[in-house]
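# Coordinate inspection notes
This is what each chain is made of:
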Number of protein chains: 2
Amino acid sequence: MLKWYEKNANNNDVVISSRVRLARNLETYHFPSKLTKEIASRIVHEVEDIVLKASSSHYFERMDMEALSPLDKVAMVERHVVSPNFVQSSIPTGLILSEDESLSIMINEEDHLRIQSISNGFNLEEALQNANHIDDLLEEKITYAYDERMGYLTACPTNVGTGLRASYMIHVPALETTGKLQFILEAIGKFGLTVRGIYGEGSQGRGSVFQISNQVTLGHSEEEIIENLTSVTNQIVEQERSLRKKLLSEKRMQFEDAVYRSYGALTYARILSSNEAMTLLSDMKLGYELGILNFEHTEPINIYGLMTCIQPANLQKEMKRELKIEERDMARATFIRQNLPKIKT
Amino acid sequence: MLKWYEKNANNNDVVISSRVRLARNLETYHFPSKLTKEIASRIVHEVEDIVLKASSSHYFERMDMEALSPLDKVAMVERHVVSPNFVQSSIPTGLILSEDESLSIMINEEDHLRIQSISNGFNLEEALQNANHIDDLLEEKITYAYDERMGYLTACPTNVGTGLRASYMIHVPALETTGKLQFILEAIGKFGLTVRGIYGEGSQGRGSVFQISNQVTLGHSEEEIIENLTSVTNQIVEQERSLRKKLLSEKRMQFEDAVYRSYGALTYARILSSNEAMTLLSDMKLGYELGILNFEHTEPINIYGLMTCIQPANLQKEMKRELKIEERDMARATFIRQNLPKIKT
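Residues numbered from 1 in each chain as written. Chains lettered and ligands numbered in written order. Predicted model: local features only at pLDDT ≥ 70, side-chain atom pairs only at ≥ 80, totals over all residues. Heavy atoms only, no water.

Chain A goes by Protein-arginine kinase in an unreviewed UniProt entry, where it is assigned to Vallitalea pronyensis. In the Function (unreviewed entry) part of its UniProt record, chain A is described as follows: "Catalyzes the specific phosphorylation of arginine residues in proteins." You can read under Catalytic activity (unreviewed entry) in the UniProt record for chain A the words "L-arginyl-[protein] + ATP = N(omega)-phospho-L-arginyl-[protein] + ADP + H(+)". (UniProt positions renumbered as here; feature names shortened; annotations may be inferred.)

This is how it looks when you write it as structure tokens:
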């Protein structure tokens with residue numbers, strides 16, 4: 001079965017994916033940071049039992065976190081299935097994953113439960129529906145830590161309330177190249193939103209891919225949070241699209257030259273760092289979205305899928321062995337060469 | 001009929017071509033700088049008559065210099081058929097060309113006659129034979145300005161004697177990249193030799209292509225001049241070859257990466273300046289000679305031919321119209337894309 005990021009998507013010229021995360025805690029236990037290993041382990045089994053026995057349209061699988069190699073864990077972080085903190089936990093943790101990895105439940109991350117749902121493209125409604133489905137399914141059997149006035153109670157105050165963090169992963173090469181992204185980043189805090197790089201807090205935007213999400217959940221309804229985030233993202237999307245058109249009409253040849261050269265480097269390079277590959281794939285995605293690069297495939301081309309597969313840990317998983325940095329850069333070039341969709345000439 | 005530089009050549013991994021030029025003057029006339037237009041014109045017709053009526057294995061054609069456009073003239077300079085000074089002459093000049101452009105006779109350049117012969121690859125003997133053939137053919141009908149003690153008399157003292165300038169066009173990317181070329185350039189004067197860029201005195205080496213030639217002809221026999229030049233060139237060729245092998249064995253992956261990326265840029269760029277194109281073609285030639293790039297063609301690949309065709313004036317001749325610089329850079333990228341030999345993938 002294809003993972004969600006390997007599937008082709010429409011309506012993802014700027015918004016690559018939409019993500020919802022719900023933070024929940026069980027009423028009868030301390031927050032994870034205060035748990036004994038024994039109790040932590042009991043919570044893991046309790047939640048696993050509920051989800052795996054529940055009747056759901058999704059097929060869920062229990063991951064044995066202790067059996068996973070460090071490489072497997074980092075690969076899952078790169079795929080946004082789990083958070084970096086989660087794989088470094090000192091107490092027993094659990095992970096339940098849907099087959100396409102679009103749905104995941106982290107047990108004993110910062111909160112007892114982190115329900116996560118990702119959808120391809122600009123589609124937060126679907127992501128929220130799927131997260132709520134799991135939330136409902138759990139709530140039938142579990143009593144959540146909930147306060148009438150405050151809402152869902154969480155380990156970190158920023159998550160108290162709806163426990164909802166919603167985010168869009170956006171590809172904004174035109175805004176970044178022209179320096180306009182900086183202004184957006186500065187203005188966005190006023191809307192209670194934050195922008196981070198593709199790999200979470202503090203990480204740089206690579207390949208012009210960024211995540212935009214709400215910062216605080218207290219005092220707002222789910223609908224308000226999502227409406228606010230979507231409205232601001234919509235404005236960014238429109239700015240990015242009109243800037244792309246402007247650049248294309250004003251400097252078409254330079255634009256085509258840059259896009260084709262990047263495609264040429266992806267096609268022929270023998271050594272590719274992950275940073276360079278991300279930049280080249282970003283150019284390729286831009287060229288594809290603008291109709292400069294025409295591929296032999298008639299279905300939509302999934303460039304974000306390639307971006308994911310060439311991250312260090314996932315690449316090593318593809319190669320089925322651990323690789324030194326220099327070996328990785330060679331393996332990455334080979335992998336890209338073998339998996340790059342061909343353009344019409 | 002193919003021009004000499006369009007033909008495939010063997011033994012040209014380092015030495016692209018071998019060239020001989022003989023300076024000759026007619027006894028009964030002043031040197032060109034002192035000629036009236038009338039006399040200059042008479043000399044042109046006299047020489048044209050002799051060559052075109054002579055029985056030769058070569059088919060010669062008379063070029064009407066006054067009828068040629070400035071673009072045609074610059075294109076001939078780029079093809080090394082004539083010298084830059086020749087096309088700027090203020091007195092009547094004449095040009096006789098063999099069909100493949102390997103043989104040319106400039107009439108009223110600095111001397112009355114400049115007989116030039118180019119051969120593909122490392123082959124100065126053939127070039128000299130062909131030049132001597134024309135020289136003999138002319139000497140049957142013309143009395144040259146000749147002094148028993150001094151030899152052939154010429155307008156510039158550096159040509160007095162044999163009137164011979166012999167040169168090799170060499171492609172030395174490994175020597176240039178490693179900075180070793182600089183030492184060779186400094187040492188070479190002691191052997192009475194000089195190194196210049198691909199487009200004559202003062203011009204930079206572009207695409208790592210240089211011309212090495214003798215500086216003085218007085219006091220040396222033809223054989224000595226050629227033996228000296230060939231012996232020094234042989235040493236340069238061996239140094240270049242062993243340096244290529246060394247670089248390849250020590251940094252094979254980086255080498256392949258660079259060569260393939262250059263080929264990728266040639267294949268996909270939409271804008272190419274002539275400087276960049278020369279550099280990329282130089283990398284491609286190096287990759288080809290070292291067996292890194294394997295082409296679909298089974299015959300030898302002629303990269304120097306491409307280097308010639310993409311020079312500004314020749315490119316405009318190919319496009320059959322005058323082009324502004326930006327138009328040229330686009331036309332150059334298109335021309336290269338259409339004419340680049342395909343590699344096996």
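A count of helical and extended segments in chain A gives 12 helices and 10 strands. For 345 residues, the compact-globule estimate of 2.2 N^0.38 gives 20 Å, and chain A sits close to it at 21 Å. Overall size of chain A, expressed as C-alpha extent along the three principal axes, is 65 × 45 × 35 Å. Split into buried and exposed, the 345 residues of chain A put 56% on the buried side. A separation of at least 24 residues holds for 71% of the contacts in chain A among residues at least 6 apart in sequence. Approximately 15800 Å² of chain A is accessible, and the part contributed by carbon and sulfur atoms is 48%. (Helix = DSSP H or I, 4+ residues; strand = E, 2+ residues; numbered from the N terminus. Rg over C-alpha atoms; globule rule 2.2 N^0.38 Å. Buried < 20%, exposed > 50% of the residue type's maximum accessible area, 1.4 Å probe, protein only. Contact = heavy atoms within 4.5 Å. Areas by Shrake-Rupley, 256 points an atom, 1.4 Å probe, with all protein chains shown as cover.)

What follows is about the pattern of salt bridges. Residues and elements named next belong to chain A. Applying the stated criterion to the full structure yields 38 salt bridges over all chains. For Lys-3, the salt bridge goes to Glu-101, with nearest N and O atoms at 3.8 Å. Taken together, the residues span a long stretch of sequence, with Lys-3 in the segment before strand 1 (15–24) and Glu-101 in the loop between strand 3 (94–98) and strand 4 (103–107) at a distance of 98 residues. Residue classification places Glu-101 among the buried residues on the basis of a relative accessible area of 6%. (Salt bridge = Lys/Arg side-chain N within 4 Å of Asp/Glu carboxyl O.)

Quick look at the relation of the copies chain A and chain B now. For the pair chain A and chain B, the relating rotation is 180 degrees, the translation along its axis is 0.0 Å, and the fit reaches an RMSD of 0.0 Å. In symmetry terms, the pair is related by a two-fold rotation axis. Taking C-alpha positions as the reference, the residue of chain A nearest the rotation axis is Gly-264 of chain A, at 2.3 Å. Mapped onto chain B, 100% of the interface residues of chain A again fall at the interface, so both copies present the same surface. (Least-squares fit on C-alpha atoms with pLDDT ≥ 70 in both.)

On the side of chain B, 18 residues touch chain A, which itself brings 18 residues to the contact. For the pair chain A and chain B, the two sides together bury roughly 1600 Å², of which 68% comes from carbon and sulfur. Area buried by chain A at its contact with chain B is led by Arg-261, Tyr-268 and Arg-270 of chain A, which between them contribute 42% of it. Put simply, chain A and chain B have two salt bridges between them. We note a salt bridge from Arg-261 of chain A to Glu-276 of chain B, for which the minimum N-O separation is 2.7 Å. Our enumeration of links across chain A and chain B arrives at eight residue pairs in polar contact (both at pLDDT 80 or more). Broken down by element, the residue count for the side of chain A that touches chain B peaks at 11 residues, all from helix 8 (residues 252–268) of chain A. Looking at side-chain class alone, the side of chain A that touches chain B contains 10 nonpolar, three polar and five charged residues. (Buried area = accessible area lost by both parts, 1.4 Å probe. Polar contact = N/O pair within 3.5 Å; in protein donor to acceptor, adjacent residues only side chain to side chain. Nonpolar A, V, L, I, M, F, W, Y, C, P; charged D, E, K, R; others polar.)

Residues and elements named next belong to chain A. For strand 10 (residues 209–214), a buried count of six out of six residues is recorded, marking the element as mostly surrounded by other parts of the structure. Here strand 10 shows two buried faces, one formed by Val-209, Gln-211 and Ser-213 and the other by Phe-210, Ile-212 and Asn-214. Bridge count for strand 8 (residues 164–171) against strand 10 is five bridges, and the pairing is antiparallel. Residue Met-169 lies in a different strand from strand 10, and its bridge partner there is Gln-211. Examined bridge by bridge, strand 9 (residues 193–197) and strand 10 share five bridges and lie antiparallel to one another. Residue pairing in the sheet places Arg-196 in a bridge with Gln-211 of strand 10. (Pairing = 2+ DSSP bridges.)

Our next topic: the environment of Glu-126 of chain B. All names here are of chain B. Tracing the backbone through its elements, the reader meets Glu-126 in helix 4 (residues 124–139). For the pair Glu-126 and Val-20, spaced 106 residues apart in sequence, the C-alpha to C-alpha distance is 9.5 Å. At 2.5 Å, the side chain of Glu-126 and the side chain of Ser-119 are in polar contact.

Residue and element names in this part refer to chain B. Taken together, eight strands build an open sheet; the order of strands is 2-3-4-5-1-8-10-9 and the sheet is antiparallel. Two strands lie at the open edges of the sheet, namely strand 2 (60–63) and strand 9 (193–197), each paired on one side alone. Averaged over all adjacent pairs, the angle separating strand axes in this sheet is 20 degrees, with direction ignored. Here strand 4 (residues 103–107) pairs with strand 5 (residues 113–120) via five bridges, running antiparallel. Each bridged residue has a counterpart across the sheet, and for Met-106 the counterpart in strand 5 is Arg-114. Helix 4 rests against strand 1 (15–24), strand 2, strand 4, strand 5 and strand 8 (164–171) of the sheet, and its axis sits at about 25 degrees to strand 1. (Axes fitted to C-alpha atoms, helices over the stretch in contact; angles between N-to-C directions.)

Looking now at empty space enclosed by the protein. Residue and element names in this part refer to chain B. Across all of its chains, the model carries five cavities of 30 Å³ or more by this definition. Here the largest cavity defines a volume of roughly 50 Å³. Considering the residues around the largest cavity, the lining is formed by Asn-8, Ala-9, Asn-12, Ile-16, Lys-285, Ile-301, Asn-302, Ile-303 and Tyr-304. When its residues are assigned to classes, the lining of the largest cavity shows five nonpolar, three polar and one charged. (1 Å grid on protein atoms, 1.4 Å probe; cavity = no way out; pocket = protein on both sides within 12 Å on 5 of 7 lines; lining within 4 Å. Points joined across faces, edges and corners; volume = space filled by probe spheres on them.)

Turning our eyes to something else, we now look at the pairing of strand 4 of chain B. All names here are of chain B. Counting buried residues along strand 4, five of its five residues qualify, which places the element largely inside the surrounding structure. Because side chains alternate across strand 4, one face comprises the buried residues Leu-103, Ile-105 and Ile-107, and the other comprises Ser-104 and Met-106, equally buried. One ladder, built from four bridges, connects strand 3 (residues 94–98) with strand 4; its direction is antiparallel. When the sheet's bridge partners are listed, Ile-96 is paired in strand 4 with Ile-105. Between strand 3 and strand 4, which pair antiparallel one after the other, the connecting turn spans four residues, and Glu-101 there sits at a positive phi close to 65 degrees.

Time to look at the sheet that holds strand 10 of chain A. Residues and elements named next belong to chain A. Spatially, 2-3-4-5-1-8-10-9 is the arrangement adopted by the eight strands of the open sheet, whose pairing is antiparallel. Both outer strands of the open sheet, strand 2 (60–63) and strand 9, are each paired with one neighbouring strand and no more. For this sheet, the mean angle separating the axes of adjacent strands, direction not counted, is 20 degrees. Lying over the sheet, helix 7 (residues 222–250) contacts strand 1, strand 8, strand 9 and strand 10, oriented at roughly 5 degrees with respect to strand 8.

Let's shift gears to the packing of aromatic side chains. Overall, the coordinates contain 18 aromatic pairs over all chains when judged by the stated rule. Seen from their ring centres, Tyr-268 of chain A and Tyr-260 of chain B are 6.4 Å apart, and the 10 degrees between their planes marks the pair as stacked. Placement of Tyr-268 of chain A in helix 8 and of Tyr-260 of chain B in helix 8 (residues 252–268) is noted, with the two residues assigned to different chains. On the numbers, 5.8 Å between centres and 90 degrees between planes, the contact of Trp-4 of chain B with Tyr-5 of chain B is edge-to-face. For Trp-4 of chain B, a relative accessible area of 4% puts it in the buried group. (Phe/Tyr/Trp six-rings, centres within 6.5 Å; stacked < 30°, edge-to-face > 60°.)

Residues and elements named next belong to chain B. Looking at where Glu-78 falls in the secondary structure, it is placed in helix 2 (residues 70–78). Look at Glu-78 and you get buried, because its relative accessible area is 9%. On a C-alpha basis, the gap between Glu-78 and Gly-219 in space is 32 Å, while along the polypeptide they are 141 residues apart. Looking at Glu-78, its side chain comes within polar contact range of the side chain of Asn-314, at 2.8 Å.

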